[in-house]
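Residue-level structure breakdown
Listed here are the chains, written in short residue letters.
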Amino acid sequence: MKCPFYQQFTVKRTNLSYLRNQNRYARDHRLDSDVEPRTSLQIICRLQIHAEKGLVFRIQMEVEAATSERTLLSLLFQLPTEYPHCVPKISVSSKQLSRKQCQHIKQSLLEKASALEPDPMVHELLLWLQQNFTELTLNDQSLVEVQEEGGEEETWIALFLIDHMRSKTKYIKAIEKWSSDLGLTGRLFLGKLILVLLQGTRRSIKEYIHLQRTVKVDVDSSGKRCKEKMMRILCETQVSDLKRISSFEIKEFLSLEELQREFEQVGLMKLYQEFVATLP
């Protein structure tokens, strides 16, 4: 299997077996992207290979703010085995920035990654970061509110309508896996309607939506694997006084009255009335 990262920098093409046998490649390397001098990325990259985590790149890069002051950033990109069909896990740190600024940069990178096509994207994210660094750090008042380390982000809730499931067993397993991996709780309702109810952080919900839309999770009428193109987002909003859903469960229902009771049990009767009861 070819290393997906080689496509993102102008470096010698290689593969995983080569990397395992050549320790020198896992040492620090200085890489220069093939872009204009003003926006050239000069970075130091350390590669690690994990059997379960996939490829992990620790990157140090300098970015220039509007004041011409250069800031040294340390970024970690973890590329899971599903990459690039799922966004990489990202962490950001810098001695020259506050924790709030680092968290804001991380969140912005994840949102940008979720909006990209499922292709190798790390190099594009680094370029985007350099081009938008000033805007991301110029005004502290515009930064997202992130609680101190060890706290929790604000809770979001999302409700999706899925048109159909031809490969039902595989589809359900995929939804369960994504929810578990992303730390999301909620319900998968199966009956006359197919609804996915999720509760968790905004970042996790955004990443779930990216997976749902980009991974070939079902099959078409000819039995060929296909992506979910008919999912509708009925609701995606931040909530403050919502009852916590403790786990992700699959619930089958025979009537809309049963479905209504399920929503009532998790304290989401208003959500049902506003978004589900009005469905044709």
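Residues numbered from 1 in each chain as written. Predicted model: local features only at pLDDT ≥ 70, side-chain atom pairs only at ≥ 80, totals over all residues. Heavy atoms only, no water.

Thoughts on the overall build of the protein
Spelled out, the test is: For the purposes of this entry, the term helix denotes a DSSP run of H or I that reaches at least four residues, the term strand denotes a run of E that reaches at least two, and both are numbered from the N terminus. In what follows, a contact means two residues having at least one pair of non-hydrogen atoms within 4.5 Å. We get accessible surface area from the Shrake-Rupley algorithm with a probe of 1.4 Å; when it comes to residues, only the shown protein chains can shield them.
Within the protein, the regular secondary structure consists of seven helices and 12 strands. Of the contacts formed within the protein by residues at least 6 apart in sequence, a portion of 58% connects residues at least 24 apart. On the protein, roughly 16,100 Å² of surface is accessible, and the fraction owed to carbon and sulfur atoms is 45%.

Topic: the sheet that holds strand E6 (residues 155-162)
Which entries qualify depends on this criterion: Strands pair, by our definition, only if DSSP identifies at least two bridges between them. To obtain an axis, a line is fitted to C-alpha atoms, over the contacting stretch when the element is a helix, and the angle between two such axes runs from 0 to 180 degrees between their N-to-C directions.
One open sheet accounts for five strands, arranged E11-E6-E8-E7-E12; its pairing is mixed. Each having just a single partner strand, strand E11 (232-239) and strand E12 (248-252) make up the two edges of the open sheet. Going from strand to strand, the sheet's axes swing by 10 degrees on average, the running direction of each strand aside. Pairing between strand E7 (residues 185-190) and strand E8 (residues 194-200): six bridges, direction antiparallel.

Let's talk about helix H5 (residues 202-214)
This is how it is decided: To estimate how far a helix should reach, multiply one less than its number of residues by 1.5 Å. Three exposure classes are used, based on accessible area relative to the maximum for each residue type with a 1.4 Å probe and protein chains only: buried under 20%, partly exposed in between, and exposed over 50%.
Along its 13 residues, H5 runs 18 Å from first to last C-alpha, staying within 8% of the 18 Å computed at 1.5 Å per residue. Taken together, the buried positions of H5 are Ser204, Ile205, Glu207, Tyr208, Ile209, His210, Leu211, Gln212 and Thr214.

Focus: the packing of helix H2 (residues 99-115) against H5
Rules: These descriptions rest on fixed angle ranges, namely under 35 degrees for roughly parallel, over 145 for roughly antiparallel, 65 to 115 for roughly perpendicular, and the rest for oblique. Put simply, a crossing is left-handed when the front helix is turned counterclockwise from the back one by less than a right angle, and right-handed when it is turned clockwise. Under this grouping Gly is polar, as are all residues other than the nonpolar Ala, Val, Leu, Ile, Met, Phe, Trp, Tyr, Cys and Pro and the charged Asp, Glu, Lys and Arg.
Put simply, H2 and H5 touch, their axes get as near as 9 Å, and they point 15 degrees apart. Here H5 runs roughly parallel to H2, going by the angle between their axes. Like other packed secondary-structure pairs, H2 and H5 cross with a definite hand, here left-handed. In this structure, H2 uses Gln107, Leu110, Glu111, Ala113 and Ser114 to contact H5, whose residues at the interface are Arg202, Arg203, Lys206, Glu207 and His210. Residues belonging to the contact of H2 with H5 are distributed by class as follows: two nonpolar, three polar and five charged.

Brief notes about the pairing of E6
Burial within E6 is extensive, with eight of its eight residues counted as buried. Burial along E6 is two-sided: the face carrying Thr155, Ile157, Leu159 and Leu161 and the face carrying Trp156, Ala158, Phe160 and Ile162 are both buried. Here seven bridges tie E6 to E11, and the two strands are oriented antiparallel to one another. Within E11, the residue paired with Ile157 across the bridge is Thr237. For E6 and E8, the ladder comprises seven bridges, and the chain directions are antiparallel. Directly across from Ile162, in E8, lies its bridge partner Ile194.

Description of the environment of Leu116
On the secondary structure map, Leu116 appears in the loop between H2 and helix H3 (122-138). A relative accessible area of 13% places Leu116 in the buried class. Put simply, Leu116 and His210 are 94 residues apart on the chain and 9.1 Å apart in space, counted from C-alpha to C-alpha.

Details of the confidence of the model for the protein
Quick reminder of the rule: A score between 0 and 100, pLDDT records how confident the predictor is in each residue.
Per-residue confidence for the protein gives a mean pLDDT of 77; residues scoring 70 or more make up 74%. Note on residues 139-152: pLDDT is under 50 here. Beyond four places in sequence and across chains, it has 15 contacts.

A look at the pairing of E7
Remember that side chains alternate between the two faces of the sheet whenever the strand is regular. Counting buried positions along E7 yields six of six residues, so the element is predominantly enclosed. The alternating pattern of E7 places Thr185, Arg187 and Phe189 on one face and Gly186, Leu188 and Leu190 on the opposite face, and all of these are buried. If you look at the hairpin formed by E7 and E8, you'll find three residues sitting between the two strands. Examined bridge by bridge, E7 and E12 share five bridges and lie parallel to one another. Across the sheet, the residue bridging to Arg187 is Glu249, located in E12.

A few points about helix H4 (residues 168-181)
Defined as follows: The arc in question is the one traced by the directions running from the helix axis out to the C-beta atoms.
Taking 1.5 Å per residue, 14 residues should reach 20 Å; H4 reaches 20 Å between its end C-alpha atoms and fits that length. The set of residues buried in H4 consists of Tyr171, Ile172, Ala174, Ile175, Trp178 and Ser179. One face of H4 carries all of its buried residues, which in axial projection span an arc of 155 degrees. Residues of H4 that are exposed and angled more than 90 degrees away from the buried face: Thr169, Lys170, Lys173 and Ser180. Of the surrounding elements, those touching the buried residues of H4 are E6, E7, E8, H5, strand E9 (216-219) and E12. Of the residues flanking the end of H4, it is Gly183, one or two places downstream, whose phi is positive at about 70 degrees.

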